[in-house]
Amino acid sequence: MSLLAKIAEIENEMARTQKNKATSNHLGLLKARLAKLRRELICPKGGSGGGTGEGFDVAKTGDARIGFVGFPSVGKSTLLSNLAGVYSEVAAYEFTTLTTVPGVIRYKGAKIQLLDLPGIIEGAKDGKGRGRQVIAVARTCNLILIVLDVLKPLGHKNLIEHELEGFGIRLNKKPPNIGYKRKDKGGINFTATVRTIHSCVQSELDSDQVKSILAEYKIFNADITLRGDCTADDLIDVVEGNRVYLPCIYVLNKIDQISIEELDVIYKVPHCVPISAHSRWNFDDLLEKMWDYLKLVRIYTKPKGQLPDYTSPVVLPDDHTAVEDFCLKIHKTLIKEFKYALVWGASVKHNPQKVGKDHVMDDEDVIQLVKK
C-alpha cells in the first residue's frame, strides 16, 4: 500500500469518527500516525529528501526573505515585477512561472529578498506538481505572502493553508507552550500547569492520551509539561520537532475589479492587505505591513570622530539585538577583539553610554565599537 493511500485511509477514518471524550484517544493516535506518514512523504527514508529540483535552491541574500505563495495566475509575478523591478515571466495562462524567481528590494535601509514561487496546486503536500519543492523553499522564508485573487479568496486561502499545514508550516501562530524532554528511564512523567484564570483543567489532553500519542512514536520515557490548554496537534508538533512558525500576510490582488463597499469589508479582515499589482495600488500599505511583520531592528554605525552613517544600517532580527549579535553579523572575529561599545538611542539612559556585549539595543540606535 502506497504512502498516499495510507494517508487517505487515515484521513477518511478521522472524518468518520465522531469527536467526543470517548474517541479523543483514538483521534490522537490517528493524528500522530498521519504526522509520521506526512514526514515520510516529505523526506523519504532512503535518500536525501526528494531533491530540490532545478531552479529551487536560491541562495539566501539580504537581511530577510519573503516568499510569495499562491495558486497559478493570481498575480504573483506581476507583484514581484512592480515591487522589485525584476522581470518574472507574466502571461494570461496558468503556470507561467516554473522555477523560483528571486528579486531584491531596499526598504528603510534593509535589503529584503523576494521569491516568486511557482503556483501551488491542490495536493501539493502529497507530492503533486512541483508543490513539494515550492513548500520546501517557503519553509526557509522569514515571512510568507499568500497572494489571493480577490474574486475567489476564501476557497483558495483555506486550500493553501491546508497544504502548508501538511508540510509543518504554522502561519501566524506561536509554538505551543509544552515542555518535552526525553530520558533513559522512569516512564512518562506528565504534569499540567495551567496558569489561566478561566480554565483550570485541560480541555483535550489527559495523561492517557499523552501516553498513547508518545507510544505511537515509541517513546516510553519522557517528561511532558503542559503550560497551557494544549491540543493533541500541539503535542504532535512538539514531538515531531520540525515545525516552522512563520508570520503571514494575505495579499488580496485585483481590487480594481470590485466595488468600494466590498473593499471596506476586506479592509477589516485581520492579516490582509488589498492591492492591485497591475495598477500598483496600495503598495505603500503592503510594504509597511511587511516591515511590521518581519520585526527587523536597524542599528547605525559611527566610526570614531565621524558622524553616524545613516545610509546603510546593520539590520538584525528583533530577538537577536545584543551587541554580541551585532558584532557577529559584521564578522565573527570582531567579538574576540571587542573591549566595550558606546551606544546612543532609546536603549540607554545616557547618550552615549558605555555598554558590554550583552546590552540589548533598540531600533535606530547608534553604536561605536572600541577594540582591545
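None of the values given here were measured: they were computed from a predicted structure.

### Considerations on the overall build of the protein
Within the protein, the secondary structure is distributed over 10 helices and 16 strands. Looking at the protein as a whole, 45% of its 372 residues are labelled buried. Carbon and sulfur atoms make up 53% of the accessible area of the protein, which totals about 19600 Å².

### A look at unusual backbone geometry
Asn-351 connects to Pro-352 through a cis peptide bond whose omega is -10°. Its identity is not glycine, yet Lys-218 carries a phi of approximately 60°, on the positive side. Its relative accessible area of 62% is what places Lys-218 among the exposed residues. If you check the backbone angles, Arg-280 has positive phi at about 60° while not being a glycine. In this fold, Arg-280 is placed in the loop between β11 (272-274) and α9 (283-294).

### Let's talk about the sheet that holds strand β7 (residues 188-192)
Pairing between the strands of a sheet is mediated by backbone hydrogen bonds and can be parallel or antiparallel. Across the sheet, which stays open at both edges, the three strands sit in the order β6-β8-β7 with mixed pairing between neighbours. Each having just a single partner strand, β6 (178-182) and β7 make up the two edges of the open sheet. Mean inter-strand twist for the sheet, computed between neighbouring axes without regard to direction, equals 5°. Here β7 pairs with strand β8 (residues 222-226) via five bridges, running parallel.

### Details of the sheet that holds strand β13 (residues 309-317)
If you walk across this open sheet you meet the five strands as β13-β12-β16-β14-β15, and the pairing is mixed. Each having just a single partner strand, β13 and β15 (353-355) make up the two edges of the open sheet. For this sheet, the mean inter-axis angle between neighbouring strands, taken without regard to orientation, is 40°. Here strand β14 (residues 338-344) runs beside strand β16 (residues 365-371); their pairing, made up of six bridges, is antiparallel. In the sheet register, Ala-341 faces β16, and the bridge partner there is Leu-369. Packing of helix α10 (residues 323-330) onto the sheet brings it into contact with β12 (296-301), β13, β14, β15 and β16, and relative to β13 it is tilted by some 110°.

### A word on the nonpolar core
Nonpolar side chains in soluble globular proteins generally cluster together in the buried interior. With 54 residues, the main nonpolar core has Ile-66, Leu-79, Leu-114, Ile-144, Ile-146 and Met-290 as its most contacted residues. Among the elements that make up this core, the one with the highest residue count is α9 (seven residues). In this structure Ile-146 touches Val-69, Ile-160, Leu-164, Leu-171, Cys-248, Ile-249, Tyr-250 and Val-251, once residues within four positions along its chain are discounted. Counting 19 residues, the second-largest nonpolar core is a separate cluster that includes Tyr-217, Leu-226, Leu-235 and Ile-236.

### Some words on the packing of aromatic side chains
Evaluation of the coordinates by the stated rule reveals two aromatic pairs. Ring geometry for Tyr-107 and Trp-291: centres 6.1 Å apart, planes at 70°, overall edge-to-face. Residue Tyr-107 is found in strand β2 (residues 101-107), and its partner Trp-291 is found in helix α9; the two are separated by 184 residues along the sequence. A single burial state applies to Tyr-107 and to Trp-291, both of which are buried. Between the aromatic rings of Tyr-300 and Tyr-310, the centroid separation amounts to 4.9 Å while the plane-to-plane angle is 70°, which identifies the pairing as edge-to-face. Residue Tyr-300 is found in strand β12, and its partner Tyr-310 is found in strand β13; the two are separated by 10 residues along the sequence.

### Some thoughts on the pairing of strand β1 (residues 64-69)
Across the six residues that make up β1, a large majority, six, are buried. Neither face of β1 is exposed, since Ala-64, Ile-66 and Phe-68 on one face and Arg-65, Gly-67 and Val-69 on the opposite face are all buried. Across five bridges, the pairing between β1 and strand β3 (residues 110-116) is parallel. Across the sheet, residue Gly-67 finds its bridge partner in β3, namely Leu-115.

### Details of the environment of Leu-171
With respect to the element layout, Leu-171 can be found in strand β5 (residues 169-171). Considering only alpha carbons, one finds Leu-171 and Cys-248, 77 residues apart in sequence, at a separation of 5.8 Å. Setting aside its immediate chain neighbours within four residues, Leu-171 contacts Ile-144, Ile-146, Glu-161, Leu-164, Leu-246, Cys-248 and Tyr-250.

### Let's talk about helix α3 (residues 76-84)
Owing to its 3.6 residues per turn, the α-helix aligns residues three or four sequence positions apart on the same side. The element α3 is largely enclosed, with a buried count of eight among its nine residues. Along α3, the residues that are buried comprise Lys-76, Ser-77, Thr-78, Leu-79, Leu-80, Ser-81, Asn-82 and Leu-83.

Cut-offs used in this document
- Numbering of residues starts from 1 in each chain and follows the order in which that chain's sequence is written.
- The model is predicted, so local features are restricted to residues of pLDDT at least 70 and side-chain atom pairs to those at 80 or more, both for listing and for counting; the totals for chains, interfaces and linings are taken over all residues.
- To obtain the side-chain values, all non-hydrogen atoms of the structure were included, while hydrogens and water were left out.
- In this description a helix means any DSSP run of H or I spanning at least four residues, a strand means any run of E spanning at least two, and both kinds are numbered starting from the N terminus.
- Any residue under 20% of the maximum accessible area for its type is buried, any over 50% is exposed, and the rest in between are partly exposed; the area is computed with a 1.4 Å probe on protein chains only.
- The accessible surface values rely on the Shrake-Rupley method and a 1.4 Å probe; as for residues, cover is taken only from the protein chains in view.
- Here the rule is simple: two strands pair whenever DSSP picks up at least two bridges between them.
- Only the stretch in contact is used when a helix axis is fitted, and all axes are lines through C-alpha atoms; the angle between N-to-C directions ranges over 0 to 180 degrees.
- Between two residues, a contact is recorded if the distance between any of their heavy atoms is within 4.5 Å.
- Here the nonpolar core consists of buried residues drawn from Ala, Val, Leu, Ile, Met, Phe, Trp, Tyr and Cys, with membership extended through side-chain atoms lying within 4.5 Å.
- Between rings of Phe, Tyr and Trp, where Trp is taken as its six-membered ring, a pair exists when centres lie within 6.5 Å; planes separated by under 30 degrees are stacked, by over 60 edge-to-face, and by other angles tilted.

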